[in-house]
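Chain and residue survey
Chain by chain, the residues:
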Amino acid sequence: MKEKVKSWILTLLVFGSLVESYYLIYRLPGSDSAVMSENLYVKTDNMGPEEKVENLLYPDKMIIHMGQSKHTLFYPNTTFYNLILNRLKGRGFESFQRRSVQDFDWNKIRNENPGIELSFGSGIPVTLLQRVMQLSPDSLFEGESIDRIWIYNIKNDSKAHAVFFSTRGDIVYEAAKADLTVQDVQQHVDFGSDLTNYKAVNGDYYVPAAKVSMVEVEMPLGMYTIQQMQSNLFFDAGSTRYIPEKDGSEIYTDSKRSLQVDQEQNWMSYSDPAALPAGESTPAKDALEAVDFVNEHGGWNGTYRLAATEEGRQERKVSFQQFYGSSPYGSYPIISQPQLQYGVINLELQQGTVSSYERSLMFVDESKAVKRIVDLSFGERLENQLARLSQASVVKELTPAYVPEVQGEKLRLIPVWRVTLNDGTVLTLN
């Protein structure tokens, strides 16, 4: 009997020794990633779903010109905006003719000719625009970026005109063949006939004659952890070192890449200066690479729009602007502030490879949003406010937007007018 007990005890000891050896060999911190190649990296802790680039390409506004100096504006996620955009996506444009912007009297076209003007902000490369519109560009047009599309009718002319504006500012491309009739354009223009009238100022911005209603919202606020971001950005998160900075920020590095976290603003900046260049770089390819990178390293915590693809000295900067809102009140951009960086995702690419990635660590629970309707200033009052601002620099753009504000454990989105001056300064009017 004693011999059997000894045998059982010895068996248990041997088994326990084997289990302990297994954990020592395979479960020490960092042991998993020590044998993990970059190709076997598995995404974890997504901040949001992946997104197709097509869903990030849309006008920030539509300007409807009704003739007789009457205009109105449609914004994303409003009924007529969605209807017009979906119709235009199915129409073909081809046989583009390159012309000088000076060949047209735009002030006359704006005030006398019924038409639809699509604004794309800083511009979208034509090769990306082809993903959402039926374009047949030649090699010259294909290399351009477009910041506006203007489709309009001319009195006693049997065809509709479609003009695409290059971001260079001096060149436009007119489609000799457009799959749109004069009646199609007029029908789209008629959607705005009973809506708020806007006054064109210097052909740059539009002031509403009546109130513009927006949704002010307050939502519970959450925070992605540093551990989540390490899992998303480092191939071996267990091997990173922690370095506290004098300014209160924190740096995590694996000697090649670094993740800097501003705890006060809850903002992260990831840098990979050793990233191997992928080769050829174009604005369109870099934008696609940026979308793929965000898909693979966090995802999209809301609705975004491709805002800019700007070329620097040695890199290209790609920015995505977050929009908030829904029908019938529309969706508008969230303005990142110096005191609160939120609502934008920034990337830098060198020769087609992402070398820098910035975004907020904050997220909200939209299902528990508390909303109320507020009205922005309009008419003469708004014109007077803008006139005072113009004394310093000419106003170039006016658009509704949201300013984010943290209040305890909640994020509040406050409706404002965003005013962009000629010198690049961005101001807000409540």
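In every chain, residue numbers begin from 1 and rise along the written sequence. With the structure being a predicted model, the display of local features is reserved for residues of pLDDT at least 70 and the display and counting of side-chain atom pairs for 80 or more, all residues being used for whole-chain, interface and lining totals. Just so you know, side-chain values use all the structure's heavy atoms and leave hydrogens and water out.

By the naming in an unreviewed UniProt entry, the protein is Regulatory protein YycH domain-containing protein, taken from Paenibacillus riograndensis.

Only one rule defines a salt bridge in this text: a Lys or Arg side-chain nitrogen within 4 Å of an Asp or Glu carboxyl oxygen. If you walk through the whole model with that rule in mind, you get 18 salt bridges. Across the pair E216 and R372 runs a salt bridge whose closest N-O atoms are separated by 3.0 Å. A residue pair is termed long-range when its members are at least 10 positions apart, and E216 in strand β11 (residues 212–223) and R372 in strand β22 (residues 370–376) qualify at 156 residues. Note that R412 and E405 form a salt bridge whose closest N and O atoms lie 3.8 Å from each other. The cut-offs for exposure are 20% and 50% of the maximum accessible area for each residue type, with area from a 1.4 Å probe on protein chains only; residues under the lower value are buried, those over the upper are exposed, and the others partly exposed. Taking relative accessible area as the criterion, R412 reaches 21% and is therefore assigned partly exposed. Taken together, the salt bridges that share partners define one network made up of E216, R372, E405 and R412. Secondary structure follows DSSP: runs of H or I at least 4 residues long count as helices, runs of E at least 2 residues long count as strands, and numbering of each begins at the N terminus.

Attention shifts here to the packing of aromatic side chains. Here the aromatic set is Phe, Tyr and Trp, taking the six-membered ring for Trp, and pairing holds for ring centres within 6.5 Å; pairs whose planes are under 30 degrees apart are stacked, those over 60 apart are edge-to-face, and all others are tilted. By the definition in use, this model includes 20 aromatic pairs. Centroid distance F80 to F191: 4.8 Å. Interplanar angle 5°. Geometry classified as stacked. Taken together, the positions of F80 in helix α3 (residues 79–89) and F191 in the loop between α7 (182–190) and β9 (198–201) put the pair 111 residues apart, joining distant regions of the chain. Judged by relative accessible area, F80 falls into the partly exposed class, the value being 27%. With a relative accessible area of 18%, F191 lands in the buried category. An aromatic cluster is defined as three or more aromatic residues linked by ring pairs; in this entry it consists of F93, F96, F141, F164 and Y173. Distance and angle both matter: a charge sits over a ring if NZ of Lys or CZ of Arg is within 6 Å of the ring centre and within 35 degrees of the ring normal. In this arrangement the basic side chain of R148 is found over the ring face of F165, its NZ or CZ atom lying 4.0 Å from the centre.

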